Amino acid sequence: MAGIAAAAQGQCQECHMQPCFKSDLLARYELQRQAFAADANPARKTRVSRLDRLLALTERHENAIVKAINEDFGGRSSHETRLAELFIIRSGIKHARAHLKRWMRSRRVATGLQFRPGYNRLIPQPLGVVGIVSPWNYPFQLAMGPALAALAAGNRVLIKPSELTPRFSALLEQLVASAFDIDELSVINGGAETSKAFVSLPFDHLFFTGSTAVGRLVAQAAAANLTPVTLELGGKSPAILDVSCDLAHAIPRLAFGKLLNAGQTCIAPDYLLVPQGQADKVAGLLVLAIARLYPTLQLNPDYTAIISEHHHQRLVALIAEAKGQGAKVIEVNPAKERFVAESKKLPPTLVLGATRSMRLMQEEIFGPVLPIMEYRDLDEAILHINQAEHPLALYWFGRNTHNRDRVLKETLSGGVTVNDCLWHLAQENQPFGGVGASGTGSYHGEWGFNTFSKHKPVFHQARLNGTALFYPPYGKTFDRLLAVLKRIA
Ligand code: NAD
């Protein structure tokens, strides 16, 4: 802590340079800590003012945000940015503003008979200085979603966005600096070293969205400071077509859910389980549905590019390995375009006959590639899911409510949408978050407010009460009272 205070005032304690990213980071952290100490439980008016400024930033700079993300991706659908980033955040801010009064209220909770007329209350309080680390795939939504919840809960917030969206991350830093004091909300940009230094700060809460591998490192860094963490991670989210499923209804929804942001969505269906004998038919219908959504690909502004050459090559390698090991690969290229080497777009690809040993079925795909696997009966489909880590999302399509309820009860996942894809994420009245390897903790709506609050239990003792009867020296009165208590408690 002494190092933090020293660095905040001048030279970095390690490189002895001023300024350097560490001294800048520590200075901001220290400013926020001091500001929080001066106003440890901001009034609703202050919190609403912060939410209003966030809303104004979202609304006034929509075009600049859309443009920066488009440039970072080398082609990101502006419609998808407006729907899946700006609209989601706008709704989140409005929901928080509308419910803040109720969320901030201290709540009376029941009191055991033996403690009355004393009474219990739960008081929500901000935690202090919160750190948010966000990924590149929805850079605005995944930085601002946790930030709005942390601000609503009365915290000071530092954000470290992804280095893979440099134009957007620089824009966010500039926009936030123009609307917020540095000790309220601040954005810090940088590469791997900055990320590591960031997560090693003794935050009062650290909120990380990203891969399971990096999430593990973040949890370890936070543990050194006993900083509580929320981990919003990834994984392989299955979609199940039940035997009772209406394919004409399900297939377009699956195609949309898989190809939004070209599959670079944490809750995208990662692979598809279909009843035995239906893989070819389902693949044929998917080809038609995809062609309707995306008649062309390369220059189609609706079809998003893969974020980097490295990510593109990884996906190409996954497909090649599956093909090499005997899987049937169907590239969906409706206009039969020739993909030039420098194209950042990857055609939607269906893979039939994938096996568990392939990398395609071991890693999170995170791109427009969909393995379709057959199952003999529901037991086998459930076993398949339960043999892997708990997924972030699960999708079930069908009409047989018995089968639906079996899947809901016998599998564990972060969230579920029945008869569609993705939409459980947009429910402000439901928590969003993973379980096990797909994450810890949750946010959205009141769950976000609670994540960034301490719900402090307070017991108000009555002036007249019997607890003195339990004081030593212990004797018969104590024994008799304990016997009575055992009967009523
Ligand atoms: P990533 O884990 O590579 O990076 C996420 C963030 O962590 C970035 O800001 C990066 O700078 C930072 N980082 C990298 N190394 C770090 C380290 N050693 N210490 C601290 N921070 C470090 O993830 P990504 O590639 O940006 O995003 C894709 C992954 O995120 C996928 O697995 C996806 O499923 C997951 N994701 C999850 C959700 C969710 O809500 N659960 C949402 C979006 C993405």
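Each remark here, short or long, concerns the structure printed above.
Worth saying up front: this structure is predicted, and the values here are computed from it rather than measured.

K.L.:
Help me understand the site of the ligand in this model?
P.N.:
The environment of the ligand is formed by 28 residues, the closest being Ser 134, Glu 163, Ser 211, Leu 233 and Glu 364. A distance of 2.7 Å is found between an oxygen atom of the ligand and a backbone nitrogen or oxygen belonging to Ser 134. Within the side chain of Ser 211, a nitrogen or oxygen atom sits 2.7 Å from an oxygen atom of the ligand. When the ligand is considered free in solution it has 850 Å² of accessible area, and contact with the protein chains removes 89% of it. Grouping the amino acids of the shell around the ligand by side-chain chemistry returns 15 nonpolar, eight polar and five charged.

K.L.:
What's the story with the packing of aromatic side chains in this structure? I'm lost.
P.N.:
For any pair of aromatic rings, the description consists of the separation of the ring centres together with the inter-plane angle of the planes. This structure, assessed with the given rule, holds 14 aromatic pairs. A centroid spacing of 5.0 Å and a plane angle of 65 degrees characterise the contact between Tyr 474 and Phe 478, whose relative ring orientation is edge-to-face. A relative accessible area of 58% places Tyr 474 in the exposed class. Members of the aromatic cluster, joined through ring pairs, are Phe 207, Phe 432, Tyr 443 and Phe 452. Sitting over the ring of Phe 73, Arg 76 keeps its end group 4.8 Å from the ring centre. Cation over ring: Arg 108 sits above Tyr 119, and NZ or CZ is 4.6 Å from the ring centre.

K.L.:
Mind showing me how you'd approach empty space enclosed by the protein here?
P.N.:
Picture a little ball the size of a water molecule; that probe, rolled over the atoms, points out where space is still empty. In total, this model carries three cavities of 30 Å³ or more according to the counting rule given. Each pocket or cavity is described by its volume, and for the largest cavity that value is around 150 Å³. Around the largest cavity, the lining is made up of 16 residues, and of these Gly 145, Leu 148, Glu 428, His 444 and Gly 445 lie nearest the centre. When residues of the lining of the largest cavity are traced back to their parent elements, those giving at least two are helix H5 (78-104), helix H6 (139-152) and helix H15 (445-451). Classifying every residue of the lining of the largest cavity gives nine nonpolar, six polar and one charged.

K.L.:
For this particular structure, what's the right way to read the pattern of salt bridges?
P.N.:
Should the charged atoms of two oppositely charged side chains come close, the side chains can pair. Inspection of every chain in the model, using the stated rule, returns 27 salt bridges. Residues Lys 67 and Glu 71 are paired through a salt bridge, measuring 3.2 Å at the closest nitrogen-oxygen approach. With Lys 67 and Glu 71 both in helix H4 (residues 62-73) and four residues apart, the pair spans about one turn of that helix. Its relative accessible area of 37% is what places Glu 71 among the partly exposed residues. Note that Arg 406 and Glu 410 form a salt bridge whose closest N and O atoms lie 2.9 Å from each other. Of the two residues, Arg 406 and Glu 410 are both situated in helix H14 (residues 401-410); the distance of four residues between them amounts to about one turn of the helix. When its relative accessible area of 21% is taken as the criterion, Arg 406 is described as partly exposed. On the basis of relative accessibility, which here comes to 37%, the residue Glu 410 falls in the partly exposed class.

Conventions and cut-offs
Residues numbered from 1 in each chain as written. Predicted model: local features only at pLDDT ≥ 70, side-chain atom pairs only at ≥ 80, totals over all residues. Heavy atoms only, no water. Near = heavy atom within 4 Å. Polar contact = N/O pair within 3.5 Å; in protein donor to acceptor, adjacent residues only side chain to side chain. Areas by Shrake-Rupley, 256 points an atom, 1.4 Å probe, with all protein chains shown as cover. Nonpolar A, V, L, I, M, F, W, Y, C, P; charged D, E, K, R; others polar. Phe/Tyr/Trp six-rings, centres within 6.5 Å; stacked < 30°, edge-to-face > 60°. Buried < 20%, exposed > 50% of the residue type's maximum accessible area, 1.4 Å probe, protein only. Lys NZ or Arg CZ within 6 Å of the ring centre and 35° of its normal. 1 Å grid on protein atoms, 1.4 Å probe; cavity = no way out; pocket = protein on both sides within 12 Å on 5 of 7 lines; lining within 4 Å. Points joined across faces, edges and corners; volume = space filled by probe spheres on them. Helix = DSSP H or I, 4+ residues; strand = E, 2+ residues; numbered from the N terminus. Salt bridge = Lys/Arg side-chain N within 4 Å of Asp/Glu carboxyl O.

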